[in-house]
Amino acid sequence: MSAHWLLALRCAAWVVVLAVVAAVAIFFVYGGTHAGAFLYGAGAGLVSFVSMAITVSWLTRGSKVWQGMGVASFVARYGFAMVALAVPAYLGLWPAVAMLAGFAGVYLAENVVFLPLIALRMLGTKGEAKEREADHLMSGKLERRAEV
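**Considering the side chain of Ser73**
Relative to the elements of secondary structure, Ser73 occurs in helix α3 (residues 64-91). Aside from chain neighbours lying at most four places away, what touches Ser73 is Thr55 and Trp58.

**As for the confidence of the model for the chain**
When the pLDDT values of the chain are averaged, the result is 80; 77% of them are 70 or greater. Least confident of the elements in the chain is helix α4 (residues 96-139), whose mean pLDDT is 70; most confident is helix α2 (residues 32-59), at 89.

**Quick notes on the nonpolar core**
Of all hydrophobic cores here, the largest spans 15 residues; its most connected members are Val15, Phe38, Leu46, Val106 and Phe114. Breaking this core down by element, the ones donating at least two residues are α1 (3-30), α2 and α4. Residue contacts for Val15: discarding those within four places in its chain leaves Leu46, Val106, Ala109, Glu110 and Phe114. Core analysis: the second largest hydrophobic core is formed by eight residues, Ala37, Ala84, Leu85 and Phe103 among them.

**Re the packing of aromatic side chains**
Taken as a whole, this structure holds five aromatic pairs when the rule is applied. Measuring from ring centre to ring centre gives 5.8 Å for Tyr40 and Trp94, while their planes differ by 20°; the resulting arrangement is stacked. Of the two residues, Tyr40 sits in helix α2 while Trp94 sits in the loop between α3 and α4, which places them 54 residues apart along the sequence. Relative to Trp66, the ring of Trp58 lies with its centre 6.0 Å away and its plane at 40°, an arrangement referred to as tilted. Trp58 sits in the partly exposed class, given a relative accessible area of 23%. The class for Trp66 is partly exposed, based on a relative accessible area of 31%. Note that Arg77 overlies the ring of Tyr78, its terminal NZ or CZ placed 5.5 Å from the centroid.

Conventions and cut-offs
Every chain begins its residue count from 1, and numbering advances along the sequence as written. In keeping with the predicted nature of the model, local features appear solely for residues at pLDDT of at least 70, side-chain atom pairs appear and are counted solely at 80 or more, and the whole-chain, interface and lining totals rest on all residues. In computing side-chain values, all of the structure's heavy atoms are included and hydrogens and water are not. Secondary structure elements are taken from DSSP: a helix is a run of H or I of four residues or more, a strand is a run of E of two residues or more, and numbering for both begins at the N terminus. We call two residues in contact whenever any of their non-hydrogen atoms come within 4.5 Å of each other. Residue-level confidence of the predictor, termed pLDDT, takes values from 0 up to 100. By nonpolar core is meant a set of buried Ala, Val, Leu, Ile, Met, Phe, Trp, Tyr and Cys residues that side-chain atoms within 4.5 Å join together. A simple rule labels every residue: compare its accessible area, found with a 1.4 Å probe on the protein chains alone, to the largest value its type can have, and call it buried under 20%, exposed over 50%, or partly exposed in between. Any Phe, Tyr or Trp ring, taking Trp's six-membered ring, that has another such ring centre within 6.5 Å forms a pair; planes under 30 degrees apart are called stacked, those over 60 apart edge-to-face, and the others tilted. In our convention, an over-ring charge means Lys NZ or Arg CZ found within 6 Å of a ring centre and within 35 degrees of that ring's normal.

This is the structure we're talking about:
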């Protein structure tokens, strides 16, 4: 499994756990309809976010056909989000604020919390590799040669 799929699935699992905890709290404060609307919005956000892994998979392939499909899936993700949120809100099927809060909460959690933490972890591992290289240079185990 590629790195971006692991990232998407790992973040999705955390968001599911956080969404269920938030939905339980909403249930006790506002009732089942609002909790259901929140979970619906969070589910739509999760489908949209995880589909980003498909988009990245297609965009990173060498073929222009796959890249075109990646661009099309990028546009389709926004279309999906618009229809998934606008239709129930227009028809009055769910409380719109709770549904939008669930959708926005997914993007907030993944783009503001999880992705920066993962970026920091990646930078930390690169920094540790540079530290080990510097330690080797200082200990004399790694030497540089310059010819004149």
